[in-house]
Amino acid sequence: MAFVASRPEPTLPAPVAAAGVLGWLRQNLFSSPINTLVTIIVLYAIYRIVDPLISWAFINAVWTGTSADACPDGHGACWAFVRARFRQIVYGDYPLDQLWRINVLYAIFAGGLVALMYPRTPGRKWVGLFMLTGFPVVAFLLLVGGVFGLRFVGTNNWGGLMLTLVVAVTAIVGSIPLGLILALGRRSEMKAIRSVSTAFIELWRGVPLIAVLFMASALFPLFTPEGVNFDKLVRTLLAFAIFSSAFMAEVFRGGLQAIPRGQYEAAKSLGIGYWKMMGYVILPQAIRHVIPALVNTCIGIFKETTLVLVIGLTDLLGVIQLGLSDTDWIGGGHIYASGYLFAGLAFWAFTFGMSRYSIHLERHSVSGKNQALQTL
Amino acid sequence: MAVETTDDRVRNTSFVFWSSSKYRTKFYEVLVLGLLFASLYWIINNVVTNLNRLGIRTGFGFLKQEAGFDIGQTLVTYNEASSYGSAVLVALLNTVLMSLLAIVFATIIGFVVGVSRLSSNWLLSRAATAYVEIFRNMPLLLQIFFWYFAVLRALPVPRQSIAFFDTIYINNRGIYAPSPVFEPGFGIVIAALVMALGVAIALRRWARVRQSRTGQPFPVLVTSLIIIIGLLLVSAAVAGFPLSWQVPALKGFNYTGGFSVIPELVAMVVALSIYHASFVAEIVRGGVLSVRRGQVEAARAMGLRPGQIMREVIVPQALRVIIPPLSNQYLNLAKSSALAAAIAYPDLMHVLGGAVLAQTGQPIEVMTIVMGTYLAISLLIALFMNWYNRRSSLVER
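Since we're looking at a predicted model, the values are computed, not measured.

> Outline the overall build of chain A, listing residues and values.
A count of helices and strands for chain A gives 16 helices and 0 strands. Against the 2.2 N^0.38 benchmark of 21 Å for 376 residues, chain A shows a C-alpha radius of gyration of 27 Å, more extended than a compact globule. For chain A, the C-alpha atoms occupy an extent of roughly 110 × 75 × 40 Å along the three principal directions. Of all 376 residues assigned to chain A, the portion counted as buried reaches 45%. Relative to all contacts within chain A whose residues are 6 or more apart in sequence, the contacts with residues 24 or more apart total 65%. Just so you have it, chain A exposes about 20100 Å², and 67% of that area is on carbon and sulfur atoms. Side-chain charges in chain A split into 27 positive and 17 negative, and the spacing between the mean points of these groups amounts to 13 Å.

> Give me the confidence of the model for chain A: which residues, what numbers.
Any segment with low pLDDT has predicted coordinates that should not be analysed in fine detail. All names here are of chain A. For chain A, the average pLDDT comes to 83, and 97% of its residues sit at 70 or higher. Summarising per-element confidence for chain A, the mean pLDDT is lowest in helix α16 (residues 371-375) (41) and highest in helix α7 (residues 160-186) (90). Note on residues 367-376: pLDDT is under 50 here. Beyond four places in sequence and across chains, it has 18 contacts.

> Account for the nonpolar core, naming residues and giving values.
Soluble, globular proteins show a tendency: their nonpolar side chains are buried together. Ranked by internal contacts, the top residues of the largest apolar core, which has 178 residues, are A:Trp158, A:Tyr340, B:Phe69 and B:Met349. Each residue touching B:Met349, except ones within four places of it in the same chain, is listed here: A:Ile210, A:Ala211, A:Phe214, B:Ala338, B:Ala341, B:Gly354, B:Met367, B:Val370 and B:Tyr374. Counting 7 residues, the second largest nonpolar core, distinct from the first, contains B:Tyr131, B:Ile274, B:Ala277 and B:Ala281.

> Summarise the domain arrangement of chain B; cite the residues concerned and give the values.
Assigned domains within chain B: domain 1 (22-56) and domain 2 (180-243). The centre of domain 1 of chain B, based on its C-alpha atoms, is set 61 Å off from the matching centre of domain 2 of chain B.

> Report on the interface of chain A and chain B, specifying residues and quantitative values.
Taken together, the contacts link 52 residues of chain A with 51 residues of chain B. Carbon and sulfur atoms supply 76% of the area buried between chain A and chain B, which totals about 4400 Å² over both sides. Between chain A and chain B we count 1 salt bridge in total. One salt bridge in this structure joins B:Glu133 and A:Arg356, with 3.6 Å as the shortest N-O distance. Linking chain A to chain B there are 12 residue pairs in polar contact (both at pLDDT 80 or more). In terms of residue count, the dominant contributor to the side of chain A that touches chain B is helix α15 (residues 333-366) of chain A (12 residues). Class assignment of the residues belonging to the side of chain A that touches chain B gives a composition of 35 nonpolar, 11 polar and 6 charged.

> Talk me through the domain arrangement of chain A; I want residue IDs and the actual numbers.
Often the size quoted for an interface is simply the accessible area lost on bringing the parts together. Structurally, chain A comprises domain 1 (31-60) and domain 2 (79-94 + 153-375). Between the C-alpha centres of domain 1 of chain A and domain 2 of chain A there is a distance of 37 Å.

> Quick one: what's the story with the sheet that holds strand β8 (residues 259-261) of chain B, residue by residue and with numbers?
Residues and elements named next belong to chain B. Spatially, β1-β2-β3-β8 is the arrangement adopted by the 4 strands of the open sheet, whose pairing is antiparallel. A single partner strand is all that each edge strand has here, and the edge strands are β1 (162-164) and β8. On average, each strand axis in the sheet is tilted by 15° relative to the strand beside it, whichever way the strands run. As paired elements, strand β3 (residues 174-177) and β8 share 3 bridges and run antiparallel to each other. Looking at the pairing, Ile175 lines up with Val261 of β8.

> Can you lay out a nonpolar patch on the surface for me, pointing to particular residues and giving the numbers?
On the surface, a nonpolar cluster with roughly 690 Å² of combined accessible area is contributed by A:Ile46, A:Ile49, A:Val50, A:Ile54, A:Phe58, A:Ile59 and A:Trp63. Tracing the sequence through the fold places A:Ile59 in helix α2 (residues 33-59).

> Just give me the short version of a positive patch on the surface, but keep the residues and values in it.
Residues and elements named next belong to chain B. Residues Arg204, Arg205, Arg208 and Arg391 make up a contiguous surface patch of positive charge. The leading source of residues in the positive patch is helix α6 (residues 186-214), at 3 residues. For Arg205, the location among the structural elements is in helix α6. Given the relative accessible area of 60%, Arg205 is considered exposed.

> Explain the pairing of strand β2 (residues 168-171) of chain B to me, using residue names and the numbers behind them.
Residues and elements named next belong to chain B. Alignment of β1 against β2, held across 3 bridges, turns out to be antiparallel. Residue pairing across strands places Phe164 opposite Ile168, the latter belonging to β2. Turn length for the β1-β2 hairpin, with the two strands adjacent in sequence and antiparallel, is 3 residues, and the turn residue Phe165 shows positive phi of about 55°. Where β2 meets β3, 3 bridges bridge the pair, whose relative direction is antiparallel. Bridging across to β3, Tyr169 finds its partner in Tyr176. In this antiparallel pair of consecutive strands, β2 and β3, the connection spans 2 residues.

> Describe in detail the packing of helix α9 (residues 209-218) of chain A against helix α11 (residues 348-360) of chain B, supporting the description with residues and values.
Relative to each other, α9(A) and α11(B) sit at 25°, their axes nearing to 10 Å. Comparing the axis directions of α9(A) and α11(B) gives the class roughly parallel. Mapping the contact onto sequence places A:Ile210, A:Ala211 and A:Phe214 in α9(A) and B:Met349, B:Gly353 and B:Leu357 in α11(B).

> So what about the packing of aromatic side chains? Which residues, and what values?
Residue and element names in this part refer to chain A. Counted according to the given criterion, the structure contains 23 aromatic pairs over all chains. For the ring pair Phe81 and Trp329, a centre distance of 5.3 Å and an interplane angle of 75° mean the geometry is edge-to-face. Of this pair, Phe81 sits in helix α3 (residues 79-84) while Trp329 sits in the loop between α14 (316-324) and α15, and the two are 248 residues apart along the sequence. Judged by relative accessible area, Phe81 falls into the buried class, the value being 0%. On the accessibility criterion, Trp329 (3% relative accessible area) is buried. For the pair Trp348 and Phe352, a centre-to-centre distance of 4.4 Å together with 10° between the ring planes defines the contact as stacked. On the criterion of helical spacing, the pair formed by Trp348 and Phe352 is a turn pair, its members being 4 residues apart in helix α15.

> So, unusual backbone geometry: which residues are in play, and what are the values?
Of all residues except glycine, most have a negative phi; of all peptide bonds, most are trans. A positive phi angle is found at B:Ala344, which is not glycine, with a value near 65°. Looking at where B:Ala344 falls in the secondary structure, it is placed in the loop between α10 (306-336) and α11.

> Now, about the environment of B:Val220: what can you tell me, with residues and values included?
Its place among the elements puts B:Val220 in helix α7 (residues 220-239). Every residue in contact with B:Val220, bar those within four places of it in the chain, is listed here: B:Leu203, B:Arg204 and B:Ala207.

> Tell me about the packing of helix α8 (residues 263-290) of chain B against α10(B), residues and numbers included.
Each pair of packed helices can be summarised by the angle the axes make with each other and by the distance between the axes. Residue and element names in this part refer to chain B. At a minimum axis separation of 8 Å, α8 and α10 run at an interaxial angle of 155°. If you check the angle between α8 and α10, you find them roughly antiparallel. Seen along the crossing, α8 lies across α10 with a hand that is right-handed. Contacts between α8 and α10 pair Leu272, His276, Phe279, Val280, Ile283, Val284, Gly287, Val288 and Ser290 from the former with Ile314, Ala318, Val321, Ile322, Pro325, Leu326, Gln329, Asn332, Leu333 and Ser336 from the latter. A breakdown of the residues in the contact of α8 with α10 according to their chemical character gives 13 nonpolar, 6 polar and no charged.

Definitions and limits used
- Residues numbered from 1 in each chain as written.
- Chains lettered and ligands numbered in written order.
- Predicted model: local features only at pLDDT ≥ 70, side-chain atom pairs only at ≥ 80, totals over all residues.
- Heavy atoms only, no water.
- Helix = DSSP H or I, 4+ residues; strand = E, 2+ residues; numbered from the N terminus.
- Rg over C-alpha atoms; globule rule 2.2 N^0.38 Å.
- Buried < 20%, exposed > 50% of the residue type's maximum accessible area, 1.4 Å probe, protein only.
- Contact = heavy atoms within 4.5 Å.
- Areas by Shrake-Rupley, 256 points an atom, 1.4 Å probe, with all protein chains shown as cover.
- Lys, Arg positive; Asp, Glu negative; His and termini not counted.
- Charge placed at Lys NZ, Arg CZ, Asp CG, Glu CD.
- pLDDT = per-residue confidence, 0-100.
- Core = buried A, V, L, I, M, F, W, Y, C linked by side-chain atoms within 4.5 Å.
- Domains from an automatic or database assignment.
- Buried area = accessible area lost by both parts, 1.4 Å probe.
- Salt bridge = Lys/Arg side-chain N within 4 Å of Asp/Glu carboxyl O.
- Polar contact = N/O pair within 3.5 Å; in protein donor to acceptor, adjacent residues only side chain to side chain.
- Nonpolar A, V, L, I, M, F, W, Y, C, P; charged D, E, K, R; others polar.
- Pairing = 2+ DSSP bridges.
- Axes fitted to C-alpha atoms, helices over the stretch in contact; angles between N-to-C directions.
- Patch = residues over 30% accessible without salt bridge, like charges linked within 9 Å, V, L, I, M, F, W, Y side chains within 5 Å.
- Parallel < 35°, antiparallel > 145°, perpendicular 65-115°, else oblique.
- Phe/Tyr/Trp six-rings, centres within 6.5 Å; stacked < 30°, edge-to-face > 60°.
- Left-handed = near helix turned anticlockwise from the far one by under 90°.

Below, the structure written as structure tokens:
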């Protein structure tokens, strides 16, 4: 009698060589002779880079000390330098007994950001509104002082991470509305406004930021009537915001161009005016399109804040550069390397965080939840 | 009711020119232009008053005067007796040299890393990703400082230079390498090189025509290389190898003779290349990913080899996507080269914003030159890349 199967045979497991860790290794690292060779070369390169790096940064590193004498040889990092300068790195030269003011701001800033990033925060809109309007005012009053019994602290005492964040946040928050206006101007149907906006944008985009900052710091008094002058930091912030707005404008223009004509025509045929059409129909769609580019521009601005050290402001990198030229810390290249590595990690943490967040936003907006829009 | 509202509207439009969008836009345009000219007038007026008040000279006459300062790296003849004009030229050439070198290296590194990120080898693609994420997310100025202060300035002094084969020396004053000395008879070699290049170009054209007519490919690259190298060797042998090397030698406190590169230039080129390569890598990756899978599958189905698929199918299509953002990146690189002023590499920003400005005391003119030159550089790169972009997009039918 013939054999009749009453139920399907159980499937066999995949061969050992194609499944599990071994299979993964074979497929991803050793699929062909060339691939194997590449794997071995890359492994060797990683070994040659990571091994000395670990022994330099951890095993041979010097962690304590008050001057360059503590780390005489270049075989290990000099973290003692970073520790000795840590207060300046975080607070600049802010008066010691007033540091709580910066701490409060750091706390509000961090809290606000976390609340904004977490999609289910109650009253997220209000938090966003506060961060855009109330927070700058609070920050200004707390940092400058001179009111409510707070001691006045001049901007020459500002520095470190605090100054970096002040420059970055002002430039970003200031350049977004200005950039939006410029982008609308460049897309305008009025010829004069269009050419003025285009010329303004291209002029700023064509020159290096360092030249602009140089002008703001050295030439600004020439442009204003006699006796009228602003604080150097204010001039820098102004220059930064205007310069960045040209780049923001190009980002927004990209978004505006991506909106099909039909959207404009539909809005116009409904009899909606220009500003309402932009505010309710075009911009909400356009901004959603450009969120990744917007975040990238913000990352760029954040990195470029380091340029303020060229005109003598001591931001995070400036404080470290200043510390390295201190006679106490004159030493080999390893002290420089330690300082820069630490500064690099600090900047990296911010920028990498921002880029990850932008990727996260992008994924969510693609899934059609309008998540990206809500965050704005 | 309806009639009344219509009447209202008619009455309103009859005497308010507002309601006509034609007049309204004209009004806005006049308003904006008026504000613009008013503020420009205000600024220029302020500048003129301030310049008069401070007794600052105006005009570009200083360009013909003697500069009186030396520059650390000069590509054309320049000394302290040269004019400010030639100082500007020297600085411009330094900027161009640095930018061009960095563009070349950033492109090479960027293409390698970008393609590596797409490799099927897990380790390689992860390593490339790590490269991009590390260098893209750190400020350029910090990287410049790192290479300059932590690496190059920390090298040993000239007496303890690191030597390679006793011909190339590296120390904290720079890199010293042998320079070629052309002896009489070298003209023959150059003539041979020109001839070989001509033959190679003709060969390429012929091969292309033949392939489009008969479908027969011809190994142009290998043949051209053989012709060029062969002709060079033969001509050099005929002329009796008319080339010798001047090896740098330690004299006094530093090496003299040969070819030297100042550490500022090395730091700038290294930092600019590595930083911008991470962006180029992303652009390249995006470009290659934009070529649809079907293209590769179709090419494979036609029996093309992997190398051919890359050369004939993927690269031409990817380039079209890559070039516009790549040109933008080159622009960024040229502009960010102005950061060289921070480590005192004698570029436009450093020479003009430093010595020239301090000596002439004419900030408006000096900054006009700086800004104008960078604008011109940006424009030139944009024009060139637009031309190239048009040429490469012509591949499309």
